[in-house]
There are 6 protein chains.
Amino acid sequence: MPFVNIRITREGATAQQKKELIKGVTRLLEEVLGKNPKTTFVIIDEVDTDNWGIGGESVTELRKR
Amino acid sequence: MPFVNIRITREGATAQQKKELIKGVTRLLEEVLGKNPKTTFVIIDEVDTDNWGIGGESVTELRKR
Amino acid sequence: MPFVNIRITREGATAQQKKELIKGVTRLLEEVLGKNPKTTFVIIDEVDTDNWGIGGESVTELRKR
Amino acid sequence: MPFVNIRITREGATAQQKKELIKGVTRLLEEVLGKNPKTTFVIIDEVDTDNWGIGGESVTELRKR
Amino acid sequence: MPFVNIRITREGATAQQKKELIKGVTRLLEEVLGKNPKTTFVIIDEVDTDNWGIGGESVTELRKR
Amino acid sequence: MPFVNIRITREGATAQQKKELIKGVTRLLEEVLGKNPKTTFVIIDEVDTDNWGIGGESVTELRKR
């Protein structure tokens, strides 16, 4: 019964891509640890680029360069 | 000073229902562990059904069946 | 399919108390939002008092007073 | 490579203030623990006041008093 | 620069299996969303079975049946 | 009433350093956003190097180089 939280910047991930993430990570946990896919939860959080920082700067600033 | 994070799908929980969750979980922590309600934090995250997966599928897909 | 994360200081919560938290919060989500208890996840994190701060001080310091 | 998640109520924090939080917390981790700022991640989550509870009440209710 | 948090019960995952999870999820994010693996963070949390509940019961209880 | 979660690798941070993190981040939120320090929570999670990945590798592997 794993719980996976994937956090990415909100930059246009499509519903199809989210489906692939959900399917892929669920399969990975089954293959590596034998976890039952039926009780694997995946939550994707999309974060505004103003709200994500790396190297002391927001991603909004990084994307401008 | 407990911290509780409740994550649910974004499917129309009302302000009244959220109040009941906040009140109920705060009371539970007081009853079971004697925690002071004044410093109990509760955060409710509502997650789009495209962004929540179970059993390798998004909740959007599950709701269609 | 709610996901609940309860974070408390590591100060001796018993297995019995944890069971009561799990049961209580699962029931609360069923009563307030009609959520199916079978797919309600609860994770309790116990945090060392050195690692939890409130009011700019660690709980270890607060407990000494 | 620290990861910092700052959760605040959604009450008008500006892009400039978020930049200062990102810069400040990244610098703090460098000063206190010698962490490389290049691989320090900061994510700011803004939470609706209906969805944040303290003392058994939502922040929306608290703000009315 | 995705951040992935994988939470599993503490039931003997090996260092090798953890490596496979880290590698697999990093590759998945590159394949599906084109994310740079160099700035993909993965954190695995192992949770005691007393501290994980599903269906209103702890995993410790479920494992006894 | 901000909530801050700092996640670092478990590599010997002292109680004194944790105090400085708690004090520093609480002060930062007061300075930047005017948040009341009395209701600022900080939780520090220390993560084993086997359980933290970056660039598709565990930190345990990275530290060997």
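Scroll up a little and you will see the structure.
The rules behind these values
Residues numbered from 1 in each chain as written. Chains lettered and ligands numbered in written order. Predicted model: local features only at pLDDT ≥ 70, side-chain atom pairs only at ≥ 80, totals over all residues. Heavy atoms only, no water. Contact = heavy atoms within 4.5 Å. Buried area = accessible area lost by both parts, 1.4 Å probe. Salt bridge = Lys/Arg side-chain N within 4 Å of Asp/Glu carboxyl O. Polar contact = N/O pair within 3.5 Å; in protein donor to acceptor, adjacent residues only side chain to side chain. Helix = DSSP H or I, 4+ residues; strand = E, 2+ residues; numbered from the N terminus. Nonpolar A, V, L, I, M, F, W, Y, C, P; charged D, E, K, R; others polar. Pairing = 2+ DSSP bridges.

**Q** Break down the interface of chain A and chain E for me, with residues and values.
**A** Listed by partner, the interface residues are 26 residues for chain A and 26 residues for chain E. Here chain A and chain E share an interface that buries about 2,200 Å² over both sides, 76% of which is from carbon and sulfur atoms. Here chain A is connected to chain E by zero salt bridges. Linking chain A with chain E are seven residue pairs in polar contact (both at pLDDT 80 or more). At the level of elements, β1 (3-9), α1 (15-33), β3 (52-54) and α2 (59-64) of chain A are the ones that each hand at least two residues to the side of chain A that touches chain E. Residue contributions to the side of chain A that touches chain E peak at nine residues, all from α1(A). Residue classes in the side of chain A that touches chain E are distributed as 16 nonpolar, five polar and five charged. The pairing of β1(A) with strand β1 (residues 3-9) of chain E spans five bridges and is antiparallel. Counterpart to Arg7(A) in the pairing with β1(E) is Phe3(E).

**Q** Mind laying out the interface of chain D and chain F, listing which residues take part and the relevant values?
**A** On the chain F side, the residues contacting the 26 residues of chain D number 26 residues. Each partner contributes to the roughly 2,200 Å² buried at the junction of chain D and chain F, and carbon and sulfur atoms together form 75% of this total. Summed over the shared surface of chain D and chain F, the number is zero salt bridges. Summed over the shared surface of chain D and chain F, the number is six residue pairs in polar contact (both at pLDDT 80 or more). Within the residue set of the side of chain D that touches chain F, elements represented by two or more residues are β1 (3-9), α1 (15-33), β3 (52-54) and α2 (59-64) of chain D. A total of nine residues in the side of chain D that touches chain F trace back to one element, the largest contributor, which is α1(D). Classifying every residue of the side of chain D that touches chain F gives 16 nonpolar, five polar and five charged.

Structural measurements only, silent on function.
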